[in-house]
Amino acid sequence: MIEYAEEREAEEAARPLYIAHYMLSKMNGAEPMGYDVYISQIMSKETGAVKEPRTPSQIEADFDAIVAADKERRRKLG
């Protein structure tokens, strides 16, 4: 029962992150990952390959692209 409760708690905590992923994908014109696939990746006990941490400038570049896409969308809406 504890494992089930932990899984439900993890799923509940991951839901807002999926919503953010969905919105960002749509803003960038990409097709978002399905919710079932997203949850299965979150719940997977296997860990992926460890990646090098991103630098602050790489993270800022990603945010700059998101901000630019949002400004363009707002400009088109008037």
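About the thresholds
- Residues numbered from 1 in each chain as written.
- Predicted model: local features only at pLDDT ≥ 70, side-chain atom pairs only at ≥ 80, totals over all residues.
- Heavy atoms only, no water.
- Helix = DSSP H or I, 4+ residues; strand = E, 2+ residues; numbered from the N terminus.
- Rg over C-alpha atoms; globule rule 2.2 N^0.38 Å.
- Buried < 20%, exposed > 50% of the residue type's maximum accessible area, 1.4 Å probe, protein only.
- Areas by Shrake-Rupley, 256 points an atom, 1.4 Å probe, with all protein chains shown as cover.
- Lys, Arg positive; Asp, Glu negative; His and termini not counted.
- Charge placed at Lys NZ, Arg CZ, Asp CG, Glu CD.
- Contact = heavy atoms within 4.5 Å.
- Salt bridge = Lys/Arg side-chain N within 4 Å of Asp/Glu carboxyl O.

Looking only at helices and strands, the protein chain features three helices and zero strands. For the protein chain, the N- to C-terminal ordering of α and β elements is α-α-α. Relative to the compact-globule value of 12 Å for 78 residues, the protein chain shows a C-alpha radius of gyration of 16 Å, a clear excess of over 25%. Residues counted as buried form 10% of the 78 residues belonging to the protein chain. Entry remark: accessible area of the protein chain is about 6800 Å², with carbon and sulfur atoms responsible for 59%. On the protein chain, the mean spot of the 11 positive side-chain charges and the mean spot of the 15 negative ones are 10 Å from each other.

The next thing to look at is the environment of alanine 13. Along the polypeptide, alanine 13 turns up in helix α1 (residues 2–27). A sequence separation of 50 residues divides alanine 13 from phenylalanine 63, and the C-alpha atoms of the two residues are 23 Å apart.

What follows deals with the side chain of glutamate 11. Structurally, glutamate 11 can be placed in helix α1. Glutamate 11 has contacts with Tyr35, Ile39 and Met43, leaving out every residue within four places of it along the chain.

This next bit is on the pattern of salt bridges. Counted according to the given criterion, the structure contains seven salt bridges. With a closest N to O distance of 3.9 Å, arginine 15 and glutamate 11 form a salt bridge. With a gap of four residues between them, arginine 15 and glutamate 11 both fall in helix α1, about one helical turn apart. With its nearest N and O atoms 2.8 Å apart, the salt bridge here joins arginine 74 to aspartate 70. One end of the pair, arginine 74, and the other, aspartate 70, are both in helix α3 (residues 56–77), four residues apart, so they sit about a helical turn from each other. Since its relative accessible area comes to 18%, aspartate 70 is described here as buried. Members of the salt-bridge network, linked through shared partners, are Arg8, Glu11, Glu12 and Arg15.

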